[in-house]
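Structure at a glance
The lines below spell out each chain.
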Amino acid sequence: MTEAPIGVFDSGVGGLTVLRALVTELPQERFIYLGDTARLPYGTKSRESVSRYAAQAAEALADYRLKCLVVACNTASASSLPTMRERLPGVPIVGVIEPGAQAACEASLSGHIAVIGTEGTVRGRAYEEAILRRRSDARISALATQLFVALAEEGVCSGPIALAVARHYLQALCTPERDGPDTLVLGCTHFPMLAKAIRAAVGEKMRIVDSAATTASAVRQCLHSAGLLRRCGSHAVRFLATDGAERFARVGSRFLERTIAPRDVELIDL
Ligand code: DGL
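Please read all numbers here as calculations on a predicted model, not as lab measurements.

The next thing to look at is the state of the cysteines. Inspection of the entire model under this criterion finds zero disulfides. Of all cysteine sulfurs, the one in Cys-73 lies closest to Cys-188, which takes part in no disulfide; the gap is 7.5 Å. With a relative accessible area of 7%, Cys-188 lands in the buried category. For Cys-222, which is in no disulfide, the shortest distance to another cysteine sulfur is to Cys-68 and amounts to 4.6 Å.

Here you go:
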(Lines give C-alpha, C1' and ligand atoms only; values in the text may rest on other atoms or scores of the structure.)
Protein backbone atom coordinates (compact mmCIF):
# COMPACT_ATOMS: atom_id res chain seq x y z
CA MET A 1 0.00 0.00 0.00
CA THR A 2 2.93 2.47 0.33
CA GLU A 3 2.78 2.92 -3.47
CA ALA A 4 -0.96 3.69 -3.42
CA PRO A 5 -2.03 7.31 -4.04
CA ILE A 6 -3.32 9.83 -1.52
CA GLY A 7 -6.76 11.17 -2.48
CA VAL A 8 -7.56 14.85 -2.05
CA PHE A 9 -11.20 15.87 -2.29
CA ASP A 10 -12.68 19.34 -2.60
CA SER A 11 -15.79 21.02 -3.96
CA GLY A 12 -13.68 22.55 -6.75
CA VAL A 13 -10.29 24.19 -7.17
CA GLY A 14 -9.91 25.65 -3.66
CA GLY A 15 -8.48 22.43 -2.26
CA LEU A 16 -5.46 22.94 -4.51
CA THR A 17 -4.13 25.23 -1.75
CA VAL A 18 -4.17 22.14 0.48
CA LEU A 19 -2.64 19.99 -2.28
CA ARG A 20 0.16 22.56 -2.57
CA ALA A 21 0.93 22.15 1.13
CA LEU A 22 0.71 18.34 0.82
CA VAL A 23 3.18 18.25 -2.07
CA THR A 24 5.60 20.40 -0.07
CA GLU A 25 5.26 18.18 3.00
CA LEU A 26 5.22 14.87 1.12
CA PRO A 27 7.25 15.34 -2.09
CA GLN A 28 7.56 11.61 -2.77
CA GLU A 29 3.86 10.77 -2.78
CA ARG A 30 1.36 10.29 -5.59
CA PHE A 31 -1.89 12.25 -5.39
CA ILE A 32 -5.32 12.01 -6.98
CA TYR A 33 -7.19 15.30 -6.67
CA LEU A 34 -10.96 15.33 -7.19
CA GLY A 35 -12.78 18.66 -7.50
CA ASP A 36 -16.57 18.49 -7.71
CA THR A 37 -16.73 21.52 -10.00
CA ALA A 38 -20.16 20.56 -11.36
CA ARG A 39 -21.76 21.21 -7.96
CA LEU A 40 -19.55 23.95 -6.54
CA PRO A 41 -20.02 25.91 -4.31
CA TYR A 42 -20.71 23.66 -1.33
CA GLY A 43 -20.50 26.56 1.13
CA THR A 44 -23.97 27.90 0.41
CA LYS A 45 -25.71 24.50 0.17
CA SER A 46 -27.60 22.64 2.91
CA ARG A 47 -25.80 20.12 5.11
CA GLU A 48 -27.89 17.32 3.57
CA SER A 49 -26.87 18.19 0.00
CA VAL A 50 -23.18 18.51 0.91
CA SER A 51 -23.26 15.13 2.69
CA ARG A 52 -24.91 13.50 -0.32
CA TYR A 53 -22.31 14.96 -2.72
CA ALA A 54 -19.43 14.00 -0.42
CA ALA A 55 -20.75 10.43 -0.11
CA GLN A 56 -20.90 10.12 -3.89
CA ALA A 57 -17.35 11.47 -4.19
CA ALA A 58 -16.13 8.93 -1.62
CA GLU A 59 -17.80 6.11 -3.56
CA ALA A 60 -16.13 7.26 -6.79
CA LEU A 61 -12.75 7.50 -5.06
CA ALA A 62 -13.08 3.93 -3.73
CA ASP A 63 -12.10 2.72 -7.24
CA TYR A 64 -8.66 4.32 -6.93
CA ARG A 65 -7.45 2.18 -3.99
CA LEU A 66 -6.26 5.14 -1.90
CA LYS A 67 -4.01 4.74 1.12
CA CYS A 68 -5.48 7.87 2.66
CA LEU A 69 -8.07 10.52 1.78
CA VAL A 70 -7.69 14.19 2.63
CA VAL A 71 -10.94 16.15 2.68
CA ALA A 72 -9.55 19.56 1.78
CA CYS A 73 -12.95 21.26 1.68
CA ASN A 74 -13.80 22.86 5.03
CA THR A 75 -17.53 22.74 4.33
CA ALA A 76 -17.42 19.00 3.59
CA SER A 77 -15.03 18.35 6.50
CA ALA A 78 -17.42 20.16 8.83
CA SER A 79 -20.45 18.08 7.90
CA SER A 80 -19.61 14.90 6.05
CA LEU A 81 -16.62 13.01 7.47
CA PRO A 82 -18.73 10.26 9.14
CA THR A 83 -20.68 9.66 5.92
CA MET A 84 -17.48 9.52 3.90
CA ARG A 85 -15.88 7.09 6.39
CA GLU A 86 -18.85 4.74 5.93
CA ARG A 87 -18.30 4.78 2.17
CA LEU A 88 -14.54 4.17 2.41
CA PRO A 89 -14.09 1.61 5.19
CA GLY A 90 -10.44 0.95 6.04
CA VAL A 91 -9.15 4.14 4.39
CA PRO A 92 -7.89 6.75 6.89
CA ILE A 93 -9.67 10.07 6.25
CA VAL A 94 -8.15 13.36 7.37
CA GLY A 95 -10.28 16.52 7.32
CA VAL A 96 -9.06 20.09 7.70
CA ILE A 97 -11.08 21.12 10.77
CA GLU A 98 -9.26 19.15 13.51
CA PRO A 99 -5.71 20.17 12.42
CA GLY A 100 -6.87 23.79 12.05
CA ALA A 101 -8.48 23.78 15.49
CA GLN A 102 -5.34 22.27 17.01
CA ALA A 103 -3.12 24.92 15.43
CA ALA A 104 -5.47 27.70 16.60
CA CYS A 105 -5.43 26.43 20.19
CA GLU A 106 -1.64 26.33 20.13
CA ALA A 107 -1.38 29.82 18.58
CA SER A 108 -3.83 31.66 20.83
CA LEU A 109 -2.60 33.13 24.09
CA SER A 110 -5.88 34.73 25.20
CA GLY A 111 -8.16 31.86 24.12
CA HIS A 112 -10.29 34.22 22.05
CA ILE A 113 -10.23 32.80 18.52
CA ALA A 114 -11.95 34.14 15.41
CA VAL A 115 -12.99 31.71 12.68
CA ILE A 116 -13.98 32.69 9.16
CA GLY A 117 -15.43 30.27 6.64
CA THR A 118 -18.32 29.64 4.29
CA GLU A 119 -21.94 29.86 5.46
CA GLY A 120 -22.09 26.08 5.76
CA THR A 121 -18.90 25.79 7.82
CA VAL A 122 -19.95 28.56 10.21
CA ARG A 123 -23.53 27.26 10.53
CA GLY A 124 -22.27 23.74 11.34
CA ARG A 125 -20.10 25.05 14.26
CA ALA A 126 -17.52 22.30 13.67
CA TYR A 127 -14.56 24.60 14.40
CA GLU A 128 -16.18 25.75 17.66
CA GLU A 129 -16.69 22.18 18.79
CA ALA A 130 -13.16 21.11 17.81
CA ILE A 131 -11.61 24.13 19.57
CA LEU A 132 -13.72 23.73 22.73
CA ARG A 133 -12.83 20.03 22.93
CA ARG A 134 -9.18 21.09 23.21
CA ARG A 135 -9.62 24.28 25.20
CA SER A 136 -12.80 24.50 27.23
CA ASP A 137 -11.97 28.10 28.22
CA ALA A 138 -11.86 29.27 24.60
CA ARG A 139 -14.14 31.99 23.25
CA ILE A 140 -14.94 31.77 19.57
CA SER A 141 -16.22 34.49 17.23
CA ALA A 142 -17.25 32.97 13.89
CA LEU A 143 -18.26 34.76 10.72
CA ALA A 144 -19.21 33.64 7.20
CA THR A 145 -17.15 35.64 4.70
CA GLN A 146 -18.70 34.30 1.53
CA LEU A 147 -17.44 37.02 -0.83
CA PHE A 148 -13.85 35.90 -0.30
CA VAL A 149 -14.64 32.73 -2.28
CA ALA A 150 -15.73 34.69 -5.36
CA LEU A 151 -12.81 37.12 -5.07
CA ALA A 152 -10.26 34.30 -4.92
CA GLU A 153 -11.77 32.57 -7.97
CA GLU A 154 -11.86 35.85 -9.90
CA GLY A 155 -8.22 36.46 -9.08
CA VAL A 156 -9.05 39.67 -7.17
CA CYS A 157 -6.79 38.77 -4.27
CA SER A 158 -5.10 42.09 -3.58
CA GLY A 159 -5.71 45.75 -4.35
CA PRO A 160 -8.52 48.08 -3.26
CA ILE A 161 -11.49 45.73 -3.81
CA ALA A 162 -9.96 42.83 -1.88
CA LEU A 163 -8.89 45.17 0.91
CA ALA A 164 -12.31 46.83 1.13
CA VAL A 165 -14.04 43.43 1.39
CA ALA A 166 -11.51 42.23 3.99
CA ARG A 167 -12.10 45.36 6.05
CA HIS A 168 -15.87 45.05 5.65
CA TYR A 169 -15.85 41.59 7.21
CA LEU A 170 -12.92 41.69 9.57
CA GLN A 171 -12.69 45.08 11.18
CA ALA A 172 -15.68 44.50 13.44
CA LEU A 173 -14.79 40.83 14.07
CA CYS A 174 -11.17 41.49 14.93
CA THR A 175 -11.51 44.65 17.00
CA PRO A 176 -8.21 45.78 18.45
CA GLU A 177 -9.84 46.31 21.85
CA ARG A 178 -8.43 44.41 24.81
CA ASP A 179 -10.67 41.34 24.65
CA GLY A 180 -10.74 40.98 20.85
CA PRO A 181 -9.43 37.73 19.32
CA ASP A 182 -5.68 37.24 19.04
CA THR A 183 -5.93 34.41 16.49
CA LEU A 184 -7.81 34.12 13.20
CA VAL A 185 -8.51 30.76 11.55
CA LEU A 186 -8.80 30.82 7.74
CA GLY A 187 -11.50 28.14 7.68
CA CYS A 188 -11.91 27.86 3.92
CA THR A 189 -9.73 26.56 1.11
CA HIS A 190 -9.90 29.89 -0.74
CA PHE A 191 -8.87 32.28 2.01
CA PRO A 192 -5.07 31.73 1.92
CA MET A 193 -5.27 33.29 -1.57
CA LEU A 194 -6.33 36.55 0.14
CA ALA A 195 -3.75 36.33 2.91
CA LYS A 196 -2.23 39.76 2.21
CA ALA A 197 -5.56 41.62 2.18
CA ILE A 198 -6.66 39.75 5.32
CA ARG A 199 -3.38 40.60 7.05
CA ALA A 200 -3.77 44.27 6.12
CA ALA A 201 -7.32 44.32 7.55
CA VAL A 202 -6.53 42.61 10.88
CA GLY A 203 -3.11 44.12 11.59
CA GLU A 204 0.30 42.65 12.28
CA LYS A 205 -0.42 41.35 15.78
CA MET A 206 -3.14 38.86 14.83
CA ARG A 207 -1.96 35.25 14.56
CA ILE A 208 -3.35 33.76 11.37
CA VAL A 209 -3.87 30.00 11.11
CA ASP A 210 -4.00 28.46 7.65
CA SER A 211 -5.22 24.90 8.05
CA ALA A 212 -3.51 23.72 4.82
CA ALA A 213 -0.05 23.44 6.36
CA THR A 214 -1.29 21.87 9.60
CA THR A 215 -3.40 19.36 7.66
CA ALA A 216 -0.37 18.35 5.59
CA SER A 217 1.60 17.57 8.72
CA ALA A 218 -1.39 15.62 10.15
CA VAL A 219 -1.41 13.53 6.95
CA ARG A 220 2.31 12.87 7.28
CA GLN A 221 1.78 11.71 10.87
CA CYS A 222 -1.15 9.50 9.88
CA LEU A 223 0.86 7.80 7.10
CA HIS A 224 3.94 7.50 9.26
CA SER A 225 2.09 5.77 12.09
CA ALA A 226 0.45 3.37 9.61
CA GLY A 227 3.87 2.63 8.00
CA LEU A 228 2.55 3.94 4.68
CA LEU A 229 5.01 6.72 3.77
CA ARG A 230 6.55 6.34 0.32
CA ARG A 231 10.31 6.38 0.80
CA CYS A 232 11.55 7.20 -2.70
CA GLY A 233 10.38 8.46 -6.06
CA SER A 234 9.04 11.84 -7.09
CA HIS A 235 5.53 13.15 -6.66
CA ALA A 236 2.83 12.90 -9.30
CA VAL A 237 -0.66 14.40 -9.40
CA ARG A 238 -3.70 13.22 -11.33
CA PHE A 239 -6.53 15.75 -11.62
CA LEU A 240 -10.19 14.70 -11.75
CA ALA A 241 -13.09 17.13 -12.01
CA THR A 242 -16.82 16.80 -12.56
CA ASP A 243 -17.12 19.76 -14.94
CA GLY A 244 -15.14 22.33 -16.93
CA ALA A 245 -11.59 21.09 -17.56
CA GLU A 246 -10.58 24.45 -19.04
CA ARG A 247 -11.82 26.51 -16.07
CA PHE A 248 -10.39 24.01 -13.60
CA ALA A 249 -6.98 24.31 -15.28
CA ARG A 250 -7.10 28.10 -15.59
CA VAL A 251 -8.30 28.98 -12.09
CA GLY A 252 -6.62 25.97 -10.51
CA SER A 253 -3.19 26.98 -11.83
CA ARG A 254 -3.35 30.10 -9.66
CA PHE A 255 -4.40 28.16 -6.56
CA LEU A 256 -1.73 25.51 -7.06
CA GLU A 257 0.90 28.06 -8.17
CA ARG A 258 1.79 25.69 -10.97
CA THR A 259 0.47 25.38 -14.51
CA ILE A 260 -2.24 22.77 -15.04
CA ALA A 261 -3.01 21.98 -18.69
CA PRO A 262 -6.70 21.41 -19.58
CA ARG A 263 -5.74 18.09 -21.21
CA ASP A 264 -4.41 16.91 -17.84
CA VAL A 265 -7.85 17.27 -16.21
CA GLU A 266 -10.01 14.13 -16.53
CA LEU A 267 -13.74 14.67 -16.34
CA ILE A 268 -15.70 12.10 -14.34
CA ASP A 269 -19.33 11.66 -13.26
CA LEU A 270 -20.26 11.09 -9.65
N1 DGL B 1 -13.97 24.44 -0.59
C2 DGL B 1 -14.94 25.21 0.15
C3 DGL B 1 -14.52 25.26 1.63
O4 DGL B 1 -13.36 25.14 1.98
C5 DGL B 1 -15.11 26.61 -0.40
C6 DGL B 1 -15.78 26.66 -1.75
C7 DGL B 1 -17.20 26.16 -1.73
O8 DGL B 1 -18.07 26.82 -1.10
O9 DGL B 1 -17.45 25.14 -2.33
O10 DGL B 1 -15.37 25.42 2.48
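What follows continues from the structure just given.
It is worth spelling out the site of the ligand at this point. Around the ligand sit Asp-10, Ser-11, Pro-41, Tyr-42, Gly-43, Cys-73, Asn-74, Thr-75, Thr-118, Cys-188, Thr-189 and His-190, and those are all the residues in its vicinity. Ser-11 has a polar side-chain atom sitting 2.6 Å from an oxygen atom of the ligand. Between Gly-43 and the ligand, the recorded distance is 2.8 Å, taken from a backbone N or O atom to an oxygen atom. Protein contacts shield 100% of the accessible area of the ligand, which totals 300 Å² for the unbound molecule. According to the grid-proximity analysis, the pocket containing the ligand is the largest cavity. In the shell around the ligand, the residues fall into four nonpolar, seven polar and one charged.

With that settled, consider the environment of Glu-154. Note on placement: Glu-154 falls in helix H7 (residues 147–154). For Glu-154, a relative accessible area of 59% corresponds to the exposed category. Each C-alpha atom, one on Glu-154 and one on Leu-40, is 15 Å from the other, the two residues being 114 residues apart in sequence.

Residues Leu-16, Leu-19, Phe-148, Leu-170, Leu-184 and Phe-239 are the most contacted members of the largest nonpolar core, which totals 60 residues. Counting residues in each nonpolar core, the second largest holds 22 residues, with Met-84, Leu-88, Ile-93 and Leu-240 among its members.

Glancing now at the side chain of Ser-51. Along the polypeptide, Ser-51 turns up in helix H2 (residues 47–61). Given a relative accessible area of 15%, Ser-51 falls into the buried group.

Procedures and definitions
Residues numbered from 1 in each chain as written. Predicted model: local features only at pLDDT ≥ 70, side-chain atom pairs only at ≥ 80, totals over all residues. Heavy atoms only, no water. Disulfide = S-S within 2.5 Å. Buried < 20%, exposed > 50% of the residue type's maximum accessible area, 1.4 Å probe, protein only. Near = heavy atom within 4 Å. Polar contact = N/O pair within 3.5 Å; in protein donor to acceptor, adjacent residues only side chain to side chain. Areas by Shrake-Rupley, 256 points an atom, 1.4 Å probe, with all protein chains shown as cover. 1 Å grid on protein atoms, 1.4 Å probe; cavity = no way out; pocket = protein on both sides within 12 Å on 5 of 7 lines; lining within 4 Å. Sits in = over half its atoms within 2 Å of the grid points. Nonpolar A, V, L, I, M, F, W, Y, C, P; charged D, E, K, R; others polar. Helix = DSSP H or I, 4+ residues; strand = E, 2+ residues; numbered from the N terminus. Core = buried A, V, L, I, M, F, W, Y, C linked by side-chain atoms within 4.5 Å.

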